[in-house]
Number of protein chains: 2
Amino acid sequence: MPYELYYWPGIQGRGEFVRLALEAAGAEYIDVTRLSGRGKGVDAMLRLMDAAEREPFAPPFLKAGKLIIAQVANILQYLGPRIGLGPKSEAARLWTHQLQLTVTDFVHEIHDTHHPIASSLYYEEQKDEARARTGHFLTTRLPKYLGYFERVIENNGTGRGHTVGRSLSYVDLSMFQLISGLRYAFPKTMSRRKRNYPRLSALHEKVATNANVAAYLASERRIAFNEDGVFRCYTELER
Amino acid sequence: MPYELYYWPGIQGRGEFVRLALEAAGAEYIDVTRLSGRGKGVDAMLRLMDAAEREPFAPPFLKAGKLIIAQVANILQYLGPRIGLGPKSEAARLWTHQLQLTVTDFVHEIHDTHHPIASSLYYEEQKDEARARTGHFLTTRLPKYLGYFERVIENNGTGRGHTVGRSLSYVDLSMFQLISGLRYAFPKTMSRRKRNYPRLSALHEKVATNANVAAYLASERRIAFNEDGVFRCYTELER
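The paragraphs below set out a description of the structure included in this document. (Residues numbered from 1 in each chain as written. Chains lettered and ligands numbered in written order. Predicted model: local features only at pLDDT ≥ 70, side-chain atom pairs only at ≥ 80, totals over all residues. Heavy atoms only, no water.)

Quick word on the overall build of chain A
Then comes step 1: Within chain A, the secondary structure is distributed over ten helices and four strands.
Then comes step 2: For chain A, the α and β elements follow one another from N to C terminus as β-α-β-α-β-β-α-α-α-α-α-α-α-α.
Then comes step 3: Against the globule reference of 18 Å for 239 residues, chain A gives a C-alpha radius of gyration of 18 Å, in line with a compact fold.
Then comes step 4: Here the C-alpha coordinates of chain A stretch approximately 50 × 45 × 30 Å along the principal axes.
Then comes step 5: Sequence separation of 24 or more characterises 69% of the internal contacts of chain A that already satisfy a separation of 6 or more.
Then comes step 6: Carbon and sulfur atoms provide 49% of the accessible area of chain A, an area that totals close to 10200 Å².
Then comes step 7: Put simply, chain A has 32 plus and 26 minus side-chain charges, and the middle of one group is 6 Å from the middle of the other. (Helix = DSSP H or I, 4+ residues; strand = E, 2+ residues; numbered from the N terminus. Rg over C-alpha atoms; globule rule 2.2 N^0.38 Å. Contact = heavy atoms within 4.5 Å. Areas by Shrake-Rupley, 256 points an atom, 1.4 Å probe, with all protein chains shown as cover. Lys, Arg positive; Asp, Glu negative; His and termini not counted. Charge placed at Lys NZ, Arg CZ, Asp CG, Glu CD.)

Pasting the structure below:
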């Protein structure tokens, strides 16, 4: 039975971290809200959320048989060992998950650069505050997170450039997504600082040229970055 | 061997969600930075972070034998079944963890009410923006999260007022901490809306009167809420 992924159509958003894992693994899945017909579409997602005995707070969520699992890091923790993208031993699983939760924190901070006051307001209604928050983000938070992940790759001695273990994991895929998104949102900053993060750049390249990932990125299944998602390119924020 | 908890001394902060679980379970633990002497204090924490093969991004972290585990929800997921505060079956573990990750998101939003622009600035430097963010938080986000957790308790049919299962879990303890903190930070709002969340109020009371928790709260081990932590009482923000 294929996995069912539920997320808002039209944006990569948080769902993309799960979609990338499913694609890289060549797992069978249905991208429910991007299809139409009976049991498909956004309505189906909202109905399932309402009806679920264990209600998710928000998309994305994954249906795996009878299980409904929400929260990106939780979904990846579940999927990882099943689709060959995460370790099986407890110590390694905890560490891999810990890194993914740090990705979650980073994504939250990236999102709030353009929405520092309220998610329910338009960006245009909080532009001045977004400029202030982005300034601090680019000078203090971005280097702190990227420097950390750069060290993680470095410290993974036998890891051949991977974040954990010796082969591709869901955390590597999330690194790819972070670097891609940050390059889209803050092209000048990321280009200027590229030499500070050689391992992250190399990992980004390695993931991009993985056969399954490359095929996915070239397909229509990959939604383009846009200004409704987590990573938004507002040039006025980067100045 | 006792667990070792590492967190900033002087604030409850994110560490308190772990401390509450250790205390409620009557687990043996050392609160490392609140002690002095060899291998104790903040210096010991920073040294361990630097030296760790698997470096935590930030405190809190737990040392359990040779394992160093960071990220509150990850620590609780590990501790839960070991100290009798979390389920053992996979489906129940995923659901419990999913709720804890929703707590993490909520805590992040609570923190940002007083720090919408940058964690590295003082509150006083972002007071106007904090007022704007808090206004939106109190009218839209707070009721969304509390309404959600209220339904979780309601939907846990045989749960006797617990969030998951039939007995005390680490998520119940986090609910206690959230309600306590929100009442401290936003007393007027929480008092006015109390009748909207009867199950959360009852759970808060149930946890507060648990023998181990009550003893802990009355002890000097419980740090008082203050204006350096996640939950801060700035009366000008609640208006």
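Quick notes on the environment of Arg131 of chain A
Residue and element names in this part refer to chain A.
Then comes step 1: Relative to the assigned elements, Arg131 resides in helix H5 (residues 127-155).
Then comes step 2: In this structure, the C-alpha to C-alpha distance between Arg131 and Tyr234, residues 103 residues apart in sequence, is 9.8 Å.
Then comes step 3: Other than its neighbours up to four places away in sequence, Arg131 contacts Glu236 and Leu237.

As for the sheet that holds strand E4 (residues 67-70) of chain A
Residue and element names in this part refer to chain A.
Then comes step 1: Overall, mixed pairing links the four strands, which are arranged E2-E1-E3-E4 in an open sheet. Single-partner strands in this sheet number two, and they are strand E2 (29-31) and E4. On average, each strand axis in the sheet is inclined to that of its neighbour by 20 degrees, with strand direction left out of account.
Then comes step 2: In this sheet, strand E3 (residues 61-64) lies alongside strand E1 (residues 3-6) in antiparallel orientation, the contact comprising three bridges. By the bridge assignment for E3, Leu5 is matched with Leu62.
Then comes step 3: Sitting on the sheet, helix H1 (residues 15-25) touches E1, E2 and E3, and the angle it makes with E1 is about 155 degrees. (Pairing = 2+ DSSP bridges. Axes fitted to C-alpha atoms, helices over the stretch in contact; angles between N-to-C directions.)

Here we look at helix H1 (residues 15-25) of chain B
Because each turn of an α-helix spans 3.6 residues, side chains separated by three or four positions in sequence point in the same direction.
Residue and element names in this part refer to chain B.
Then comes step 1: The element H1 is largely enclosed, with a buried count of ten among its eleven residues.
Then comes step 2: Gly15, Glu16, Phe17, Val18, Arg19, Leu20, Ala21, Leu22, Glu23 and Ala24 are the residues of H1 that are buried.
Then comes step 3: Phi turns positive, to about 65 degrees, at Gly26, one or two residues after H1. (Buried < 20%, exposed > 50% of the residue type's maximum accessible area, 1.4 Å probe, protein only.)

Focus: unusual backbone geometry
Residues and elements named next belong to chain A.
Then comes step 1: In this structure, the amide linkage connecting Pro59 to the following residue, Pro60, adopts the cis form with an omega of 0 degrees.
Then comes step 2: Mapping Pro60 onto the fold places it in the loop between helix H2 (41-51) and E3.
Then comes step 3: Positive phi values are uncommon outside glycine, yet Gln71 reaches one of about 80 degrees.
Then comes step 4: With respect to the secondary-structure elements, Gln71 resides in the loop between E4 and helix H3 (72-82).
Then comes step 5: Residue Gln71 is classed as buried on the basis of its relative accessible area of 15%.

Re the sheet that holds strand E4 (residues 67-70) of chain B
Each strand in a sheet pairs with another by means of backbone hydrogen bonds, the pair being arranged parallel or else antiparallel.
Residue and element names in this part refer to chain B.
Then comes step 1: Strand order in this open sheet of four strands is E2-E1-E3-E4, and the pairing throughout is mixed. Edge positions in the sheet fall to strand E2 (29-31) and E4, since each of these pairs with one other strand and no more. The average undirected angle you get between the axes of adjacent strands in this sheet is 20 degrees.
Then comes step 2: Strand contacts of H1: strand E1 (3-6), E2 and strand E3 (61-64), with the helix running at about 155 degrees to E1, the strand carrying the most contacts.

Some remarks on the relation of the copies chain A and chain B
Then comes step 1: With an axial shift of 0.0 Å and an RMSD of 0.0 Å, the rotation relating chain A to chain B amounts to 180 degrees. In symmetry terms, the pair is related by a two-fold rotation axis. Considering only C-alpha atoms, the residue of chain A closest to the rotation axis is Pro116 of chain A, which sits at 2.8 Å.
Then comes step 2: Of the interface residues in chain A, 100% have counterparts in chain B that sit at the interface too, so the contact is made through matching surfaces. (Least-squares fit on C-alpha atoms with pLDDT ≥ 70 in both.)

Regarding the packing of H1 of chain B against helix H6 (residues 170-185) of chain B
Residues and elements named next belong to chain B.
Then comes step 1: Contact geometry for H1 and H6: axes closest at 9 Å, N-to-C directions at 125 degrees. In terms of orientation, H1 and H6 fall into the oblique class. Both H1 and H6 take part in a crossing whose hand is right-handed. Only Leu173, Ser174, Phe176 and Gln177 of H6 make contact with H1, whose side of the interface consists of Glu16, Phe17, Leu20, Ala21 and Ala24.
Then comes step 2: Partitioned by chemical class, the residues of the contact of H1 with H6 number six nonpolar, two polar and one charged. (Parallel < 35°, antiparallel > 145°, perpendicular 65-115°, else oblique. Left-handed = near helix turned anticlockwise from the far one by under 90°. Nonpolar A, V, L, I, M, F, W, Y, C, P; charged D, E, K, R; others polar.)

Let's talk about the pairing of E1 of chain B
Residues and elements named next belong to chain B.
Then comes step 1: Two strands pair when backbone bridges link them, and E1 and E2 are joined in this way by three bridges, in the parallel orientation. Directly across from Glu4, in E2, lies its bridge partner Ile30.
Then comes step 2: As a crossover connection, the stretch from E1 through H1 into E2 is right-handed. (Right-handed = clockwise from strand over helix to strand, strands pointing away.)

Side note on the interface of chain A and chain B
Then comes step 1: Counting residues at the interface gives 44 residues for chain A and 44 residues for chain B.
Then comes step 2: For the pair chain A and chain B, the two sides together bury roughly 4100 Å², of which 55% comes from carbon and sulfur.
Then comes step 3: In this assembly, chain A and chain B are joined by six salt bridges.
Then comes step 4: Glu55 of chain A is paired through a salt bridge with Arg151 of chain B; the nearest N and O atoms lie 2.7 Å apart.
Then comes step 5: For the side of chain A that touches chain B, the elements supplying multiple residues, two or more each, are E4, H3, helix H4 (90-114) and H5 of chain A. (Buried area = accessible area lost by both parts, 1.4 Å probe. Salt bridge = Lys/Arg side-chain N within 4 Å of Asp/Glu carboxyl O.)

Focus: the environment of Thr235 of chain B
Then comes step 1: Mapped onto the elements of the fold, Thr235 of chain B is located in helix H10 (residues 235-238).
Then comes step 2: Linking Thr235 of chain B and Leu62 of chain B, residues 173 residues apart in sequence, is a C-alpha distance of 34 Å.

Some points on the pattern of salt bridges
Side-chain pairing between opposite charges can occur once the charged atoms of the two side chains come close.
Residue and element names in this part refer to chain B.
Then comes step 1: One pass over the full model with this rule turns up 28 salt bridges over all chains.
Then comes step 2: Close ionic contact of Glu16 with Arg222 constitutes a salt bridge, the shortest N to O distance being 2.7 Å. Here Glu16, found in helix H1, pairs with Arg222, found in the loop between helix H9 (211-218) and H10; they are 206 residues apart in sequence, far enough to count as distant.
Then comes step 3: According to the relative accessible area criterion, Glu16 is buried, its value standing at 0%.
Then comes step 4: Look at Arg222 and you get buried, because its relative accessible area is 15%.
Then comes step 5: The residue Glu236 makes a salt bridge to Lys127 at a minimum N-O spacing of 3.8 Å.

By themselves, these are just geometric observations and shouldn't be taken as functional.
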